[in-house]
Protein chains: 4
Amino acid sequence: MKTIDLNCDMGESFGAWKMGADAEIMRFISSTNIACGFHAGDPATIRHTVALALEHGVAVGAHPSLPDLQGFGRRAMKITPQEMYDLVLYQAGAVEAFARAAGAKLHHVKCHGALYNMSTADEALSDAMARAVKDLGGDVILYALSNSRMLEVARKVGVRVAGEAFADRGYSDDGTLAPRGKPGGMIEQEDKAVAQAIGMIEGGYVTSLAGKRVPVAPDTLCLHGDQPDAVAFARALRKAFAGRGIAVGAP
Amino acid sequence: MKTIDLNCDMGESFGAWKMGADAEIMRFISSTNIACGFHAGDPATIRHTVALALEHGVAVGAHPSLPDLQGFGRRAMKITPQEMYDLVLYQAGAVEAFARAAGAKLHHVKCHGALYNMSTADEALSDAMARAVKDLGGDVILYALSNSRMLEVARKVGVRVAGEAFADRGYSDDGTLAPRGKPGGMIEQEDKAVAQAIGMIEGGYVTSLAGKRVPVAPDTLCLHGDQPDAVAFARALRKAFAGRGIAVGAP
Amino acid sequence: MKTIDLNCDMGESFGAWKMGADAEIMRFISSTNIACGFHAGDPATIRHTVALALEHGVAVGAHPSLPDLQGFGRRAMKITPQEMYDLVLYQAGAVEAFARAAGAKLHHVKCHGALYNMSTADEALSDAMARAVKDLGGDVILYALSNSRMLEVARKVGVRVAGEAFADRGYSDDGTLAPRGKPGGMIEQEDKAVAQAIGMIEGGYVTSLAGKRVPVAPDTLCLHGDQPDAVAFARALRKAFAGRGIAVGAP
Amino acid sequence: MKTIDLNCDMGESFGAWKMGADAEIMRFISSTNIACGFHAGDPATIRHTVALALEHGVAVGAHPSLPDLQGFGRRAMKITPQEMYDLVLYQAGAVEAFARAAGAKLHHVKCHGALYNMSTADEALSDAMARAVKDLGGDVILYALSNSRMLEVARKVGVRVAGEAFADRGYSDDGTLAPRGKPGGMIEQEDKAVAQAIGMIEGGYVTSLAGKRVPVAPDTLCLHGDQPDAVAFARALRKAFAGRGIAVGAP
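Residue indices begin from 1 for each chain and proceed along its sequence in written order. Each chain gets a letter, beginning with A, and each ligand a number, beginning with 1, in the order they are written. It should be noted that, the model being predicted, local features are given only for residues of pLDDT at least 70 and side-chain atom pairs only at 80 or more, the latter also being counted only at that level, while totals for whole chains, interfaces and linings use all residues. The side-chain quantities take in all heavy atoms of the structure and omit both hydrogens and water.

Looking at the overall build of chain A
No. 1: Helix numbers and strand numbers start at the N terminus; a helix is a DSSP run of H or I with at least 4 residues, a strand a run of E with at least 2. A count of helices and strands for chain A gives eight helices and ten strands.
No. 2: Radius of gyration (C-alpha) of chain A: 17 Å, near the 18 Å computed for a compact globule of 251 residues.
No. 3: Overall size of chain A, expressed as C-alpha extent along the three principal axes, is 40 × 35 × 35 Å.
No. 4: Relative accessibility under 20% of the residue-type maximum defines a buried residue, over 50% an exposed one, and the middle range a partly exposed one, all with a 1.4 Å probe and only protein chains included. Considering chain A as a whole, with its 251 residues, one finds that 58% of them fall into the buried category.
No. 5: Whether two residues are in contact is decided by their heavy atoms, any of which lying within 4.5 Å being enough. Of all intrachain contacts in chain A linking residues separated by at least 6 positions in sequence, the fraction that spans at least 24 positions is 72%.
No. 6: Computed with a 1.4 Å probe, the accessible areas rest on the Shrake-Rupley method; for each residue, only the protein chains presented here act as cover. Carbon and sulfur atoms make up 51% of the accessible area of chain A, which totals about 9,400 Å².
No. 7: The distance from the centre of the 26 positive side-chain charges to the centre of the 28 negative ones in chain A is 3 Å. For this measure, only C-alpha atoms enter the radius of gyration; the expected value for a globule follows 2.2 Å times N^0.38, where N is the number of residues. Charge assignment: positive for Lys and Arg, negative for Asp and Glu; neither His nor the chain ends contribute. Lysine's charge is taken at NZ, arginine's at CZ, aspartate's at CG and glutamate's at CD.

What follows is the structure in structure tokens.
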């Protein structure tokens, strides 16, 4: 029996501003990446989101970001590997304290937005991030883009990793994500995205935009909680998984 | 043989701005309260300060604050007990991660500036702060004003506490601090401050500004690292302690 | 023919987070108070909101706040009169630049949340705020609570003022607002709120919660744009005004 | 008689942290670029710096930055031209309000750190910045790197510009600045830097690191106020200017 993790970014409200449908989506997932206050989230939101996750038996992860509330952590910023290390350690430590206070442990770290892309593209940043996760102790898992160099770098550092793939994103021939703006970059039909997920989980491959069969064997699938139809898609995915005997669980 | 802790606020640089003489003063103290990024400090400064403390065998504490970089955490702000809890847990968790990454553990928490005063004056805030420290786990100690209600509140919550006193501040008849602005509120003569410290440690009392003998038996003395003569005073204090067989060590 | 101003707080989105129904409500009002980035708003949102106001012929005001994004400027903070002056001048200057760039001028300043309450309750803060508005030049108007001491203070400073009242808030016998939490503190029935508005505009009085007839003769009425029924209430108010020949226009 | 402007970045203290020797250097310069609160500075510091400038008859400019207090605005960040426009307008508007309140007008705008470099290197960002300065109105001057494309772009937008050069930086053969890290990138001998300044002002040229005579005819020279010998260098420069009949004055 195959098992896959479903993860989703959460806790992205901030102060008086609400974002996401965390309470509805939490029912469908097995791990959650909680905003740490640098692109979204605040101490109260972290606490609420940890409690919601534990209520649903969902593994608690930290979702560190560049320090850019106004830009939601989406604007790339020139930082050094040392700054990457410090950013990840600070933010993951803060979320971990809330996990511990609630009787749980920090399960994983997944970088957000521009920090995710920057650490995927730059080996020195990958290394710094992996070392930060390792230094957290407690065998915390690093979620990183499937097929990326970061997985190897992290393994070399001695960190457990989980490769992440996307049901609703188009892939290039080399197994990396096609840009969102490209035709087919975002998969909007529910059945097609479900089929892509099944293909990756059962067959270990994805069909690229150019029609090539590319190996992608993820440990975790990312649900985009900020899409208007996120709940419906999550439900469809779980139904398809149930029908084929695919279990959902955190790594 | 008597033992007293000497603590000092540190890590109060921020980005390009430097503050304090941490490297010089670290040699004289047994525990340090590290700014967590809300009134001062940043992830890199926390890392440097933790490393400096470990080099000198100094116990690492977190020094959480109201979120007010521009006001250096000195402007009182109307917050709820729940906000107090969240602020302390978030900031202490962040510093703890750096302690753990450096192979140490978080030893204590001491609130900064307005947060210190607010939590001393308001029982609901005391209780919230004590619960945050307790929920950090690991038997972290709460540093709180000697003779304040907060000590009892914290004990009721089940937190280890250390009562803090000041060698260079004048005291009122009820054992609380006289306002800084009042004549005698700040003790500027080194020998007088040293004598006050010795009196509190050996005799368990202080002479109030009105001349009354008031019981003050601290576990820890606070050194003000931002005073121009901080290093000289620290040296004088250690010399006086050495001469009288008073040991210096973290609780 | 009577004329009354209808003002509404706007531009309270921040980065990726949306708040308020500015586009719908702008059609009903004659002046808008634009968040300046300290409790809400950001440079892009200020620009959009100024453009929207000018499209509808609505007077552009600045809505400065305490520096507290996470608390939405609602948490009182101990600041000096000089800090009040600096906060207001900085934020109003920033919004004014956007008004000027769009070919308009800054019409008024109204403080937000805790800053509004603090400046109403403390004469030194009132004075500082009024001086900041005066020093902006250009005959900018200060919106302040009707019947408050701030109106006199501002007149003494030499600033034009507009007294603000609330259609949907209960009043005490002394003409000040009853606390929101008190029974009757918030008026939720549309017809009752409309009637209170008409009474203040035509008769110059309001009936207090205790049943007393209290003089309140506002220059401007505040619409709460964050209420779920804000648009419906705005429409009802305008309809009632039209039926009685009350004009709506900025002071 | 030749006239040159001497400008210096100032107001870079922040809250409790001090930076720079503004009071000493203000005596030697003719225009100052005041930090606006995004990389350094705060409303109180802006007010103090404006007052200090007016006391010395120094022209008041705004020194806008990327929003990065911790990184002192030195970390490049991927922003859109629209974000550039909004950042400059917001910050310059805030400083302008303090200038007006003090009875002066805003004289110029010069971008800080990474924003300066980004706007020099990217034509769309240059254009956005120039439009922001134009939309401020009041004929505010844009300070931009001498020989850069930004000067032309700004002229096309219809903004007055002043070309800036550096006495203490080495130049490349194309008239742009050599990297600081390169041998000769920073000129540390006072007499050599003074000679370079004189050469540029009187002869309209600089000798590149490779020994080539390159045309550089600045309107304004930048003094680095954060160098330890800034005051001594400013004095030497003024003395050399006096000896050769070169006047110092804002454009």
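A word on the interface of chain D and chain A
No. 1: Chain D puts eight residues into the contact, and the matching count from chain A is eight residues.
No. 2: Accessible area, probed at 1.4 Å, shrinks when two parts are joined; the buried area is that loss added up over both. Of all residues in chain D, the largest losses of buried area upon contact with chain A belong to R75, M77 and K78 of chain D, amounting jointly to 63% of the total for that side.
No. 3: The rule for a salt bridge is simple: a side-chain nitrogen of Lys or Arg has to be within 4 Å of a carboxyl oxygen of Asp or Glu. One salt bridge in this structure joins R75 of chain D and E83 of chain A, with 3.0 Å as the shortest N-O distance.
No. 4: Whenever two N or O atoms come within 3.5 Å, that pair is a polar contact, provided that in protein one can donate a hydrogen and the other can accept it, and provided that, for residues adjacent in sequence, both atoms are side-chain atoms. Taken together, chain D and chain A are joined by four residue pairs in polar contact (both at pLDDT 80 or more).
No. 5: Each residue is assigned to one class: nonpolar for Ala, Val, Leu, Ile, Met, Phe, Trp, Tyr, Cys and Pro, charged for Asp, Glu, Lys and Arg, and polar for all the others, Gly among them. Per-class residue counts for the side of chain D that touches chain A are four nonpolar, no polar and four charged.

A word on the packing of helix α7 (residues 190-203) of chain C against helix α8 (residues 230-244) of chain C
All names here are of chain C.
No. 1: Where α7 meets α8, the closest approach of the two axes is 10 Å, and the angle between their N-to-C directions is 45°. When the axis of α7 is compared with that of α8, the two are oblique. Crossing geometry of α7 relative to α8 is assigned as right-handed. Residues E190, A193, V194, A197, I198, I201 and E202 of α7 form the contact with α8, whose own contacting residues are A232, F233, A236, L237, A240, F241 and R244.
No. 2: The residue inventory of the contact of α7 with α8, partitioned by class, reads eleven nonpolar, no polar and three charged. In this analysis, axes come from line fits to C-alpha atoms, helices being fitted only over the stretch in contact, and the angle between any two N-to-C directions falls in the range 0 to 180 degrees. Roughly parallel means an angle under 35 degrees; roughly antiparallel means over 145; roughly perpendicular covers 65 to 115; every other angle is labelled oblique. Working rule for handedness: look at the near helix, and if it is turned counterclockwise from the far one by less than a right angle, call the crossing left-handed; if clockwise, right-handed.

Thoughts on the side chain of D68 of chain A
No. 1: Assignment of secondary structure puts D68 of chain A in the loop between β3 (59-63) and α3 (81-101).
No. 2: Side-chain polar atoms of D68 of chain A contact the backbone nitrogen of G71 of chain A, separated by 2.9 Å.
No. 3: Contact partners of D68 of chain A, with chain neighbours within four places excluded, come to F38, H39, G73 and R75 of chain A together with M77 of chain D.

With respect to the relation of the copies chain A and chain B
No. 1: Alignment of copies: least-squares fit on C-alpha atoms of residues with pLDDT of at least 70 in both copies. Turning chain A through 180° and shifting it by 0.0 Å along the axis lays it on chain B, with an RMSD of 0.0 Å. Taken together, the rotation angle and the small translation identify this as a two-fold axis.
No. 2: An overlap of 100% is found between the interface residues of chain A and their copies at the interface of chain B, pointing to a shared contact surface.

Here's the deal with helix α3 (residues 81-101) of chain C
All names here are of chain C.
No. 1: Expected helix span is computed as 1.5 Å times (number of residues minus one). Its 21 residues give α3 an end-to-end C-alpha distance of 30 Å, which sits within 8% of 30 Å, the value for a rise of 1.5 Å per residue.
No. 2: The element α3 is extensively covered by neighbouring structure, given that 16 of its 21 residues are classed as buried.
No. 3: Backbone geometry just downstream of α3 places G103 in the positive-phi region, at approximately 85°.

Some thoughts on the packing of helix α5 (residues 123-135) of chain D against helix α6 (residues 149-157) of chain D
Residues and elements named next belong to chain D.
No. 1: As a packed pair, α5 and α6 sit with axes 9 Å apart at the nearest point and diverge in direction by 45°. Judged by the inter-axis angle, α5 sits oblique to α6. Taken as a pair, α5 and α6 cross one another with a handedness that is right-handed. Note on element contacts: α6 touches α5 through R149, M150, V153, A154 and V157, opposite E123, S126, D127, M129, A130, R131 and K134.
No. 2: Taken together, the residues that form the contact of α5 with α6 break down as six nonpolar, one polar and five charged.

Some remarks on helix α5 (residues 123-135) of chain B
All names here are of chain B.
No. 1: In this model, α5 (13 residues) spans 18 Å end to end at C-alpha, consistent with the 18 Å of a helix rising 1.5 Å per residue.
No. 2: Listed as buried for α5 are L125, S126, A128, M129, A130, A132 and V133.
No. 3: Here the buried face of α5 lies against α3 (81-101), β4 (108-109), α4 (113-121), β5 (141-145) and α6 (149-157).
No. 4: Where α5 ends, the next residue or the one after it, G137, has phi of about 75°, a positive value.

Things to note about the pairing of strand β3 (residues 59-63) of chain C
Residue and element names in this part refer to chain C.
No. 1: Within β3, five of the five residues are buried, which leaves it mostly tucked inside the rest of the structure.
No. 2: On β3, burial covers both faces: A59, G61 and H63 on one face and V60 and A62 on the other are all buried.
No. 3: Paired strands, as defined in this entry, are two strands with at least two bridges between them according to DSSP. Where strand β2 (residues 31-35) and β3 come together, five bridges link them in parallel fashion. Among the inter-strand pairings, T32 is bridged to a residue of β3, identified as V60.
No. 4: In terms of handedness, the path from β2 via helix α2 (residues 43-55) over to β3 forms a crossover that is right-handed.
No. 5: Pairing of β3 with strand β4 (residues 108-109), which is carried by two bridges, proceeds in the parallel orientation. Residue G61 lies in a different strand from β4, and its bridge partner there is H108.
No. 6: This β-α-β element, β3 to α3 to β4, shows right-handed connectivity. If the strands point away from the viewer and the path from the first strand over the helix to the second runs clockwise, then the crossover is right-handed.

Some words on the interface of chain A and chain B
No. 1: The interface of chain A with chain B comprises 21 residues on the first partner and 21 residues on the second.
No. 2: When chain A packs against chain B, the two sides together hide about 1,800 Å² of surface, and 60% of this comes from carbon and sulfur.
No. 3: As a salt-bridge pair, E96 of chain B and R100 of chain A come within 2.7 Å of each other at their nearest N and O atoms.
No. 4: Looking at the side of chain A that touches chain B, the elements that each hand over two or more residues are α2 (43-55) and α3 of chain A.
No. 5: Among the elements that take part in the side of chain A that touches chain B, α3 of chain A stands out by supplying twelve residues, more than any other.

Notes on the pattern of salt bridges
All names here are of chain D.
No. 1: One pass over the full model with this rule turns up 48 salt bridges over all chains.
No. 2: D68 is the partner of R75 in a salt bridge, and the nearest nitrogen-oxygen pair spans 2.9 Å. With respect to burial, R75 and D68 carry one shared label: buried.
No. 3: With its nearest N and O atoms 2.7 Å apart, the salt bridge here joins E152 to R149. Residue E152 and its partner R149 are both found in helix α6; the two are separated by three residues, about one turn of the helix.

Let's talk about the side chain of S13 of chain A
No. 1: In this structure, S13 of chain A sits in the loop between β1 (3-10) and α1 (22-25).
No. 2: Looking at S13 of chain A, its side chain comes within polar contact range of the main-chain nitrogen of M19 of chain A, at 3.0 Å.
No. 3: Not counting the four nearest positions on each side in its chain, S13 of chain A is found in contact with K18, M19, A40, G41, D42 and T45 of chain A together with W17 of chain C.

Some details on the nonpolar core
No. 1: Membership of the largest hydrophobic core comes to 326 residues, with the highest contact counts inside it found for F241 of chain A, F241 of chain B, F241 of chain C together with F241 of chain D.
No. 2: In contact with F241 of chain A, other than residues within four places in its own chain, are I4, L6, A197, I198, I201, L221, I246 and V248 of chain A.
No. 3: Nonpolar cores are built from buried Ala, Val, Leu, Ile, Met, Phe, Trp, Tyr and Cys residues. Side-chain atoms within 4.5 Å join them into one set. Residues A40 of chain A together with F14, A35 and L69 of chain C belong to the second largest nonpolar core, which totals 13 residues.

Some details on a negative patch on the surface
No. 1: Taken together, the side chains of E188, E190, D191 and D229 of chain A define an acidic patch exposed on the protein surface.
No. 2: Along the chain, D229 of chain A falls in the loop between β9 (220-223) and α8 (230-243). Each patch is built from residues that are more than 30% exposed by relative accessible area and take part in no salt bridge. Like charges join if they lie within 9 Å; nonpolar side chains (Val, Leu, Ile, Met, Phe, Trp, Tyr) join within 5 Å.

Section: unusual backbone geometry
Across the chain, the bulk of peptide bonds are trans and the bulk of non-glycine residues have phi less than zero.
Residue and element names in this part refer to chain C.
No. 1: Even without a glycine there, the phi angle at D139 is positive, about 60°.
No. 2: The topology assignment puts D139 in the loop between α5 (123-135) and β5 (141-145).
No. 3: Of note, the phi angle at N147 is positive, near 70°, even though the residue is not glycine.
No. 4: Mapped onto the elements of the fold, N147 is located in the loop between β5 and α6 (149-157).

Description of the environment of A76 of chain C
No. 1: Along the chain, A76 of chain C falls in the loop between β3 and α3.
No. 2: Put simply, A76 of chain C and M118 of chain C are 42 residues apart on the chain and 7.3 Å apart in space, counted from C-alpha to C-alpha.
No. 3: Beyond its immediate sequence surroundings of up to four residues, A76 of chain C is in contact with A76, M77 and K78 of chain B together with L66, A114 and M118 of chain C.

Quick word on the relation of the copies chain D and chain A
No. 1: For the pair chain D and chain A, the superposition axis carries a translation of 0.0 Å, the fit reaches an RMSD of 0.0 Å, and the rotation angle comes to 180°.
No. 2: When you check the interface residues of chain D against chain A, 100% turn up at the interface there too, and the contact is symmetric in its surfaces.

Examining the packing of aromatic side chains
To describe a pair of aromatic rings, one takes the distance between the centres and the angle between the planes.
No. 1: Planes of paired rings set the category: under 30 degrees apart is stacked, over 60 is edge-to-face and the rest tilted, where pairs are Phe, Tyr or Trp rings (Trp by its six-membered ring) whose centres lie within 6.5 Å. According to the stated counting rule, one finds 22 aromatic pairs over all chains in the structure shown.
No. 2: Taking 5.5 Å as the distance between ring centres and 75° as the angle between the ring planes, the aromatic pair formed by F72 of chain A and W17 of chain C counts as edge-to-face. Of this pair, F72 of chain A sits in the loop between β3 and α3 while W17 of chain C sits in the loop between β1 (3-10) and α1 (22-25), each in a different chain.
No. 3: On the basis of relative accessible area, F72 of chain A is assigned to the buried category, the value being 3%.
No. 4: W17 of chain C gets classed as buried once you look at its relative accessible area, which sits at 1%.
No. 5: Relative to Y90 of chain D, the ring of F38 of chain D has its centre 5.7 Å away and its plane inclined at 55°; by these criteria the two rings are tilted. You can see F38 of chain D sitting in the loop between β2 (31-35) and α2 (43-55) and its partner Y90 of chain D sitting in helix α3 (residues 81-101), a full 52 residues away along the chain. For the pair shown, F38 of chain D and Y90 of chain D are each scored as buried.
No. 6: Taken together, F14, W17 and F72 of chain A together with F14, W17 and F72 of chain C form an aromatic cluster joined through their ring pairs.
No. 7: Whether a charge sits over a ring comes down to the Lys NZ or Arg CZ being within 6 Å of the ring centre and within 35 degrees of the ring normal. The positively charged end of R213 of chain A is found above the aromatic ring belonging to Y205 of chain A, 3.6 Å away from the centroid.

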